[in-house]
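Chain by chain, the residues:
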Amino acid sequence: METPENNSGYESAEKIILRWDSMASEEGRERMIFGTDRQEADVYLQAVDEIQRSLSSASISDCYHNVDADDQSKVNTTIQIAMARLEDEFRNILIIHTSALEIDSLFDSSTSFSSSTPTHHELEDDEDCISDDSGSSRNNLLQLHHCESSDSSTYRTSSSIREVDLMPAEAICDLQAIAMRMIAAGYLRECIQVYGSVRKSSVDSSFRKLGIEKLSIGDVQRLEWEALEGKIRRWIRAARVCVRILFASEKKLCEQIFDCVGTDIDDACFMETVKGPAIQLFNFAEAISISRRSPEKLFKILDLHDALMELLPDIEAVFDSKSSDSIRVQAAEILSRLAEAARGILSEFENAVLREPSRVPVPGGTIHPLTRYVMNYISLISDYKQTLIELIMSKPSTGSRYSGDPSTPDMEFTELEGKTPLALHLIWIIVVLQFNLDGKSKHYRDVSLAHLFMMNNVHYIVQKVKGSPELREMIGDNCLRKLTGKFRQAATSYQRATWVSVLYCLRDEGLHVSGSFSSGVSKTALRERFKTFNAMFEEVRRTQSMWLIPDGQLREELRISISEKLLPAYRSFLGRFRSHIESGKHPENYIKYSAEDLETAVLDFFEGYPAS
């Protein structure tokens, strides 16, 4: 065997290697080989190849002959210098051609954020939260916050992976050439570390542009929910870009550079680059999935669930190797926990509606904030029908639910056969809401106002069901007819409680004397009857003009119904007995209203402010 000193090829290669030794050569410190011209780079690579051949030959000869230790050391030193130089060149090429993605170009503001995401999660549409008797509403169901409107931007190709070229082809060829030589010389770990550190820096820069913060699970769980809502929207947008563009493109780059070098090296470099950022990304969703459950979180949790469900096939495609199994497992487990959280929140929401403790009657018998909140909540639930149908798999048992417990309502399921579990769940929440409202109505001292309160609230429930095609389909016409019957029954009960006693004043009984219908009229009794009617009507007018029916059509229908009963009875009574009063003294003290006056007065009812 020829020793390195006698090998002219080796000597020439050694000179080239030493020329570019940054520790000993000024030229090596000031210039980068791959930053000059192709010929310089090719010459250097050929020199490295020659040194590696010499090293390989020396190793083979060493098995059969005694090789001078100095010669062996000299070759080793030269290859170390070459590898240090190639490592620097590798790093420099990566840095020169590394830049964060142009994030703004990946979004299209003309399209909606998500076809399944409502534009506004409005849970209370015009009422403030109320408190319980102690004045504290912190733990009250009604102390729930408005959800913010969904972001209007979306990833342009939101349903598929879209790889982009992160580096020009020439740079990839140079990196590939360097990597082949470093790995052949046993510098695989160094190559992977350099690659991962530079590319991870680029991924981190893209993360910052996407608004992905470095938050631990504990950090996320300590944030107020209002702050988290915005972060969840940003996370959904960012996750789509990260999985479908950023991570997918990083994987493609690794394959371009390392695929021809050796088995699994490209995957090792890919995981070195993105494992930390991927864990950081998914830790946020994991923190949400295991956070304390409360009703206001449901829709954002469902947004997260839907986004992650949509991304799961892409996650499995991008992280398809054995070494990235932990990422796939984490994503699948988060999805499962989000589903469990949603089911748990729905169950807890039922109980919260049932137990909502406020006992202070709402003024004027208007719609209770609980009714508004629950029905808007249910309407939003119907927007997520497909997701929730998949999540709610167990059907409630037939028969009566909570039967025999006086603190809970009864519900017969036998007539609801064929309903989906989600539909049964929503119907049950409405039943629970009515049960709670019925209890609240008992806190009104005026029975008439209690009936008006139930009429207003059940009518609101009916209108919300009718206003949502999805909700109406799930609730069904039979349940809707029952609800309609309940608010009409409440309206009838109100009229009976209010007007039976008023109309009773307009009867003939007790006004005639001598036991004969034709024998005469007691003017004293007649005057007293008119005075009683006037007083009762004035009291009704005074109080019920302060009561409120928010729905204009319902308000008008009830006024008409009142007028149809009151005005004919009053006209008839006035026609029969007016002359008896007008023939006496001061008739104006007794006949205070004409029929037209009563009709005008009824128009003041249910406006929520004092009568004019």
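These figures come from a predicted structure and were not determined experimentally.

Engineer: Honestly, the overall build of the protein chain in this entry has me stumped. Any pointers?
Structural biologist: Along its length, the protein chain carries 20 helices and 2 strands. Put simply, the protein chain has 612 residues, and 50% of those count as buried. Taking the intrachain contacts of the protein chain between residues at least 6 apart in sequence as the baseline, contacts between residues at least 24 apart amount to 81%. Accessible surface, the protein chain: about 28300 Å² in total, of which carbon and sulfur atoms supply 49%.

Engineer: Looking at this structure, I do not really get the pattern of salt bridges. What am I missing?
Structural biologist: Counting across every chain of the model gives 35 salt bridges. Ionic pairing is found between Glu473 and Lys385, a salt bridge with its closest N-O pair at 3.9 Å. Linking Glu473 in helix 16 (residues 469–475) with Lys385 in helix 13 (residues 385–391), this pair joins segments that are 88 residues apart in sequence. Here Glu473 falls in the exposed class, since its relative accessible area comes to 57%. Two residues, Arg559 and Glu607, come together in a salt bridge whose shortest N-O distance is 2.5 Å. With Arg559 in helix 19 (residues 552–582) and Glu607 in the segment after helix 20 (595–602), this pair connects stretches of sequence that are 48 residues apart. You can call Arg559 buried: its relative accessible area is 7%. A single salt-bridge network, built from bridges that share partners, covers Arg240, Arg244, Glu310 and Asp314.

Engineer: Help me understand the layout of surface pockets, please; the structure alone is not making it clear to me.
Structural biologist: Of the voids in this model, the second largest pocket is the one considered here, and its volume is about 550 Å³. Contributions of two or more residues to the lining of the second largest pocket are made by helix 14 (421–441), helix 15 (447–467) and helix 17 (477–504). Of the residues assigned to the lining of the second largest pocket, the class counts are 14 nonpolar, 5 polar and 6 charged.

Engineer: Please clarify how empty space enclosed by the protein should be interpreted in this entry.
Structural biologist: To find leftover empty space, a probe the size of one water molecule is rolled over the atoms. Using the criterion set out here, one finds 3 cavities of 30 Å³ or more in the structure. Roughly 150 Å³ of internal volume is contained in the largest cavity. Residue lining of the largest cavity: 13 residues in total, with Gly211, Ile212, Glu213, Trp235 and Phe284 positioned closest to the centre. If you list the elements that add at least two residues to the lining of the largest cavity, you get helix 8 (225–258) and helix 9 (265–289). Ranked by residues supplied to the lining of the largest cavity, first place goes to helix 8 with 4 residues. In terms of residue class, the lining of the largest cavity is built from 8 nonpolar, 2 polar and 3 charged. In this structure, the second largest cavity occupies an estimated 40 Å³ of space. Taken together, Ser358, Arg359, Val360, Pro361, Val362, His368, Lys440, His443, Tyr444 and Phe453 make up the lining of the second largest cavity. Partitioning the lining of the second largest cavity into residue classes produces 5 nonpolar, 3 polar and 2 charged.

Engineer: Could you clarify how one ought to interpret the packing of helix 5 (residues 169–184) against helix 6 (residues 188–210) in this entry?
Structural biologist: Relative orientation and spacing of two packed helices are given, respectively, by the angle between their axes and the distance between those axes. Interaxial distance between helix 5 and helix 6 falls to 7 Å at its minimum, and their mutual angle equals 140 degrees. Between helix 5 and helix 6, the angle falls in the class oblique. Contacts from Ala179, Met182 and Ile183 of helix 5 reach helix 6 at Leu188, Glu190 and Cys191. Here the residues of the contact of helix 5 with helix 6 are counted per class, giving 5 nonpolar, no polar and 1 charged.

Engineer: Even after reading the chapter, I still don't get the confidence of the model for the protein chain, so can you show me in this structure?
Structural biologist: Reading fine detail from the predicted coordinates is not recommended where pLDDT is low. Mean pLDDT for the protein chain: 84, with 83% of residues reaching 70 or above. Between the elements of the protein chain, mean pLDDT differs from a low of 35, seen in strand 2 (residues 154–155), to a high of 97, seen in helix 15. The low-confidence segment residues 108–122, where pLDDT is below 50, has 44 contacts with residues more than four positions distant or belonging to other chains.

Engineer: I keep staring at the packing of aromatic side chains and nothing clicks. Help me out?
Structural biologist: Note on aromatic pairs: each is described by the distance of the centres and the angle between the planes. In total, this model carries 22 aromatic pairs according to the counting rule given. Centroid distance Phe207 to Phe247: 6.3 Å. Interplanar angle 40 degrees. Geometry classified as tilted. Residue Phe207 is located in helix 6, and its partner Phe247 is located in helix 8; the two are separated by 40 residues in the primary sequence. Each member of the pair, Phe207 as well as Phe247, carries the same accessibility label: buried.

Engineer: Could you clarify how one ought to interpret the nonpolar core in this entry?
Structural biologist: Here is a general trend for soluble globular proteins: nonpolar side chains tend to be buried in one another's company. The biggest cluster of nonpolar side chains holds 180 residues, and the ones touching the most others in it are Phe90, Trp235, Phe247, Phe258, Phe319, Phe530 and Tyr570. Sorting elements by how many residues they give to this core places helix 8 first, with 18 residues. When near neighbours in sequence (up to four residues on either side) are disregarded, Tyr570 contacts Leu506, Phe530, Phe533, Ile591, Tyr593, Ser594, Ala595 and Leu598.

Engineer: Is there a simple way to explain the packing of helix 19 against helix 20 in this structure?
Structural biologist: For the pair helix 19 and helix 20, interaxial distance at closest approach is 10 Å and the crossing angle is 165 degrees. Taken together, the axes of helix 19 and helix 20 are roughly antiparallel relative to one another. The crossing of helix 19 and helix 20 is right-handed. From helix 19, Arg559, Ile562, Ser563, Leu566, Leu567, Tyr570 and Arg571 reach across to helix 20, where they touch Ala595, Glu596, Leu598, Glu599 and Val602. Classifying every residue of the contact of helix 19 with helix 20 gives 7 nonpolar, 1 polar and 4 charged.

Engineer: Looking at this model, I keep getting lost on helix 8. Mind explaining?
Structural biologist: The periodicity of an α-helix, 3.6 residues per turn, causes residues three or four positions apart to be oriented the same way. At Cys242, helix 8 shows its largest kink, close to 45 degrees. The buried fraction of helix 8 amounts to 28 of the 34 residues, a majority that puts the element mostly inside the structure.

Thresholds, definitions, all that
- Residues numbered from 1 in each chain as written.
- Predicted model: local features only at pLDDT ≥ 70, side-chain atom pairs only at ≥ 80, totals over all residues.
- Heavy atoms only, no water.
- Helix = DSSP H or I, 4+ residues; strand = E, 2+ residues; numbered from the N terminus.
- Buried < 20%, exposed > 50% of the residue type's maximum accessible area, 1.4 Å probe, protein only.
- Contact = heavy atoms within 4.5 Å.
- Areas by Shrake-Rupley, 256 points an atom, 1.4 Å probe, with all protein chains shown as cover.
- Salt bridge = Lys/Arg side-chain N within 4 Å of Asp/Glu carboxyl O.
- 1 Å grid on protein atoms, 1.4 Å probe; cavity = no way out; pocket = protein on both sides within 12 Å on 5 of 7 lines; lining within 4 Å.
- Points joined across faces, edges and corners; volume = space filled by probe spheres on them.
- Nonpolar A, V, L, I, M, F, W, Y, C, P; charged D, E, K, R; others polar.
- Axes fitted to C-alpha atoms, helices over the stretch in contact; angles between N-to-C directions.
- Parallel < 35°, antiparallel > 145°, perpendicular 65-115°, else oblique.
- pLDDT = per-residue confidence, 0-100.
- Phe/Tyr/Trp six-rings, centres within 6.5 Å; stacked < 30°, edge-to-face > 60°.
- Core = buried A, V, L, I, M, F, W, Y, C linked by side-chain atoms within 4.5 Å.
- Left-handed = near helix turned anticlockwise from the far one by under 90°.
- Bend = angle between axes of the 7 residues up to and from the residue.

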